[in-house]
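The chain contents come next:
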Amino acid sequence: MTAKTPILLVIFFLSSICSVSYGQIKPDTLRIYPEEAEQLFLRNNLSLIAERLNIDQANALILQAKVWPNPNLSIDEINLNRNSTSESIPPLFGSFARNQQFTVQLEQLILTARKRKKNISLEVSNKQLAENTFIDFLQSLKVEFRALLANLLFNQETFSDLERQAQLVNKLVKAQEVQLQEGNISQASYLRLKALGIELLSELNETSEERNKLQSNLKTLMAISGSTFIVLNDNKLNEKTINKWSDMPYTALLEMADHHNSQLKIANSLKEVSSSTLAVEKAKRIPDLTVNLNYDRNGSTMFNFFGAGISFDLPLFDRNKGNIKYATIEMKKQEQLTEEKRNAIRNQLDETYKNIRQRIQLYRSFDANYLVQLEKMQSSIANNLLSRNLSLLEFLDLFDSFKSNKQLYYKTKRDIQLQACELTYIIGKDL
């Protein structure tokens, strides 16, 4: 194996990484801004479509709660034969029902204590719960989706940066190989520089794997083809976005969270459902009435008997005390859980608000042309290494410092986007 063989392998590995990164995006590339991607997600996401059907189901239960119980019609005591002791029975009309005995009864259940209205109220509370649950599901899914977008954008920027750095180091390795053959540098220096190139290729590979995972999750949420490759157009953080979150008073965010937070709305809806359930259980203490009208043909002293009746349970043993007590405890429990949820939301808001302001302060410490200057400096120190104006240790130290600062910039921008998503979810609305 010649001395050129290792470097050729490195070049081949780099070219294969680059071909994977660009070769895959040519066939079905979807270049899109994050805002456009979110609209596609909201329109196509199958989980949202399924969750929205819960509201339709709640409307169906309200419709069902509004209807009255069906009346009951019974026909009984029809004689199947006529013996010698039977009296002759004239027909009702024509020859119908000649020598025929039977009874007819019509019954209707009447709900007392406004049970029907209270059941409707319970189903309305359940519908409100379904709507708030859908809103919370939608907002939490939007947070997840926006976080994926922010991470994919961070991944794209990091991958592109690592690719440029790998190409730069690769050129240095080739140049240093010539110097090694001429005896101008030590083999240790050459191997250390080549190790840097391999480290960068390893990072490229890990970044590519992470990108594949992000792509898969995004395409699932957007319900698009698996062969599509998503490329996000950068919507750079502008000063207006930064000022929106840094200048927003904490008290204003707290007020919005108290009024619009979806989890708090769910907690309040659960409290309303428990209150409506308690009202229904209390109403069950009053027995319902069943009224009836009946006709008896030749079954009593009257040939044609018409009568009416009423029936109801006597509440001697069951006054529904257990269910009432259970519903009362459930309502008290929901009150406690609602208060706990409110405290948790306020603490979460305080934490996220502080975090985003700290990240914004860090972001503002970067100069507008900072990344351009770092990129130029990386090229400059590479040239200085070749010109022997820098030692290898000085080059490695500066290269690592510039590389870390670039990643810190990308990470800070991503963290601001992630925390903005979290704040939007906590306050329950987009600003």
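An unreviewed UniProt entry annotates the protein chain as TolC family protein of Olivibacter oleidegradans. Per its UniProt entry, the protein chain bears the Sequence similarities (unreviewed entry) comment "Belongs to the outer membrane factor (OMF) (TC 1.B.17) family."

Novice: I keep staring at the overall build of the protein chain and nothing clicks. Help me out?
Specialist: In terms of helices and strands, the protein chain carries 11 helices and six strands. Principal-axis analysis of the C-alpha atoms gives the protein chain an extent of 135 × 50 × 35 Å. Here the protein chain, with 431 residues, has 37% of them falling under the buried criterion. Sequence-distant contacts in the protein chain: of pairs separated by 6 or more residues, those separated by 24 or more amount to 83%. Carbon and sulfur atoms make up 54% of the accessible area of the protein chain, which amounts to about 24,800 Å² in all.

Novice: Any chance you could explain the sheet that holds strand 2 (residues 72–76) here in plain terms?
Specialist: Note: strands within a sheet are paired through backbone hydrogen bonds, in either parallel or antiparallel orientation. Here four strands make up an open sheet; going across it, the order is 2-3-5-6 and the pairing antiparallel. The open sheet has two edge strands with one neighbour each: strand 2 and strand 6 (304–312). In this sheet, adjacent strand axes meet at a mean angle of 15° when their direction is disregarded. Across five bridges, strand 2 lies against strand 3 (residues 102–110) in antiparallel orientation.

Novice: Could you clarify how one ought to interpret helix 11 (residues 392–427) in this entry?
Specialist: Side chains three or four residues apart in an α-helix point the same way, a direct result of the helix having 3.6 residues per turn. Over its 36 residues, helix 11 runs 52 Å from end to end, which matches the ideal 52 Å to within 8%, given 1.5 Å per residue. Positive phi shows up at G428, right after helix 11, with a value of about 80°.

Novice: Please clarify how the pattern of salt bridges should be interpreted in this entry.
Specialist: Opposite charge on two side chains lets them pair, provided their charged atoms get close. Following the criterion strictly, the structure yields 19 salt bridges and no others. A salt bridge links E38 to R146; its shortest N-O distance comes to 2.8 Å. Pair noted here: E38 is in helix 2 (residues 34–44) and R146 is in helix 4 (residues 115–181), with a separation of 108 residues, a long-range link. Neither residue differs from the other here; E38 and R146 are each classed as buried. E281 serves as the salt-bridge partner of K284, at 3.6 Å between the closest nitrogen and oxygen.

Novice: In this structure, what is going on with the environment of L254? I would like to understand it.
Specialist: Checked against the element boundaries, L254 lands in helix 7 (residues 250–260). Sequence separation between L254 and I426 is 172 residues, and the spatial gap between their C-alpha atoms is 9.1 Å. The residues contacting L254, other than those within four sequence positions of it, are R346 and L349.

Procedures and definitions
- Residues numbered from 1 in each chain as written.
- Predicted model: local features only at pLDDT ≥ 70, side-chain atom pairs only at ≥ 80, totals over all residues.
- Heavy atoms only, no water.
- UniProt positions renumbered as here; feature names shortened; annotations may be inferred.
- Helix = DSSP H or I, 4+ residues; strand = E, 2+ residues; numbered from the N terminus.
- Buried < 20%, exposed > 50% of the residue type's maximum accessible area, 1.4 Å probe, protein only.
- Contact = heavy atoms within 4.5 Å.
- Areas by Shrake-Rupley, 256 points an atom, 1.4 Å probe, with all protein chains shown as cover.
- Pairing = 2+ DSSP bridges.
- Axes fitted to C-alpha atoms, helices over the stretch in contact; angles between N-to-C directions.
- Expected span 1.5 Å × (residues − 1).
- Salt bridge = Lys/Arg side-chain N within 4 Å of Asp/Glu carboxyl O.

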